[in-house]
Amino acid sequence: MASEGANDLKLYVDMCCLKRPFDDQSDARVQLEATALESVIQLCRDGTHTLVASDALRFENSRNPNPDRQMFARSLLDIAQMDVPNSAAVEERAKVWQNAGIELLDALHLASA
C-alpha cells in the first residue's frame, strides 16, 4: 500500500456513483462514469488514494430495495479506509447546506465529505 503523501486524495463518492455500474451502459456518459468509478475504486484498493465512507452513505444504501445493488455498494464501502460517523459536527455542517437549499441527505453527504 502506498504511503500517505502529496498524491493521496481522500475520495467521497455519492451513492449514485457507487451504483453507476447498474445503470444503462448503452448511454456513453453512463459508461464513462462507470469506468471512472472502477478507476477510482482501484486507486483506493491499491492504496494510492483513500476511499471515505460515512453513516449517511450506509443509511442511504440500507434504503435501496434492490439487494444486488445494496450488496455491491456495501462491498465498495467496506474497502473504505476512512469513516465519517454521524456527529453533532456533521449535523451542524449539514444545517449550513440545508440553509442553502440542499436536501437533508445530500447536505449530510456534503458535510461528511
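I will try to describe carefully the structure that is included in this document. Bear in mind the structure is a predicted one, so any value in this text is a computation, not a measurement.

Its location among the elements puts L37 in helix 2 (residues 28–45). You can call L37 buried: its relative accessible area is 7%. Spatially, the C-alpha atoms of L37 and P21 are 8.3 Å apart, while their sequence positions differ by 16 residues.

This part covers the packing of aromatic side chains. A full pass over the atoms with the stated rule returns one aromatic pair. Taken together, a centroid distance of 5.3 Å and an interplanar angle of 80° make the contact between F22 and F72 edge-to-face. Taken together, the residues F22 in the loop between helix 1 (15–18) and helix 2 and F72 in helix 4 (residues 67–77) connect sequence positions 50 residues apart.

A separate point is helix 5 (residues 88–99). Given a rise of 1.5 Å per residue, 12 residues ought to cover 16 Å, and the 17 Å separating the end C-alpha atoms of helix 5 matches this to within 8%. Backbone geometry just downstream of helix 5 places G101 in the positive-phi region, at approximately 100°.

Moving on, we get to the sheet that holds strand 3 (residues 82–84). Strand order across the open sheet formed by three strands is 1-2-3, with parallel pairing between neighbours. Both outer strands of the open sheet, strand 1 (10–11) and strand 3, are each paired with one neighbouring strand and no more. The pairing of strand 2 (residues 50–54) with strand 3 spans three bridges and is parallel. Among the inter-strand pairings, V52 is bridged to a residue of strand 3, identified as M82.

Inspection of every chain in the model, using the stated rule, returns eight salt bridges. When the shortest N-O distance is used, the salt bridge between E33 and R20 registers 2.6 Å. One end of the pair, E33, is in helix 2; the other, R20, is in the loop between helix 1 and helix 2, with 13 residues separating them in the sequence. Exposure remark for E33: the relative accessible area of 30% places this residue in the partly exposed category. Overlapping salt bridges, with partners in common, bring together R20, D23, R29, E33 and R69 in one network.

Axes are the key here: two packed helices are described by the angle between their axes and the distance separating the axes. The interhelical angle for the contact between helix 5 and helix 6 (residues 104–112), taken along N-to-C directions, is 125°, at an axis separation of 8 Å. What the angle tells us is that helix 5 and helix 6 run oblique. The chirality of how helix 5 crosses helix 6 is right-handed. Contact with helix 5, carried on its side by V90, R93, A94, W97 and Q98, involves L104, A107, L108, L110, A111 and S112 of helix 6 and no other residues of that element. Looking at the contact of helix 5 with helix 6 residue by residue, the class counts come to eight nonpolar, two polar and one charged.

What counts and what doesn't
Residues numbered from 1 in each chain as written. Predicted model: local features only at pLDDT ≥ 70, side-chain atom pairs only at ≥ 80, totals over all residues. Heavy atoms only, no water. Helix = DSSP H or I, 4+ residues; strand = E, 2+ residues; numbered from the N terminus. Buried < 20%, exposed > 50% of the residue type's maximum accessible area, 1.4 Å probe, protein only. Phe/Tyr/Trp six-rings, centres within 6.5 Å; stacked < 30°, edge-to-face > 60°. Expected span 1.5 Å × (residues − 1). Pairing = 2+ DSSP bridges. Salt bridge = Lys/Arg side-chain N within 4 Å of Asp/Glu carboxyl O. Axes fitted to C-alpha atoms, helices over the stretch in contact; angles between N-to-C directions. Parallel < 35°, antiparallel > 145°, perpendicular 65-115°, else oblique. Left-handed = near helix turned anticlockwise from the far one by under 90°. Contact = heavy atoms within 4.5 Å. Nonpolar A, V, L, I, M, F, W, Y, C, P; charged D, E, K, R; others polar.

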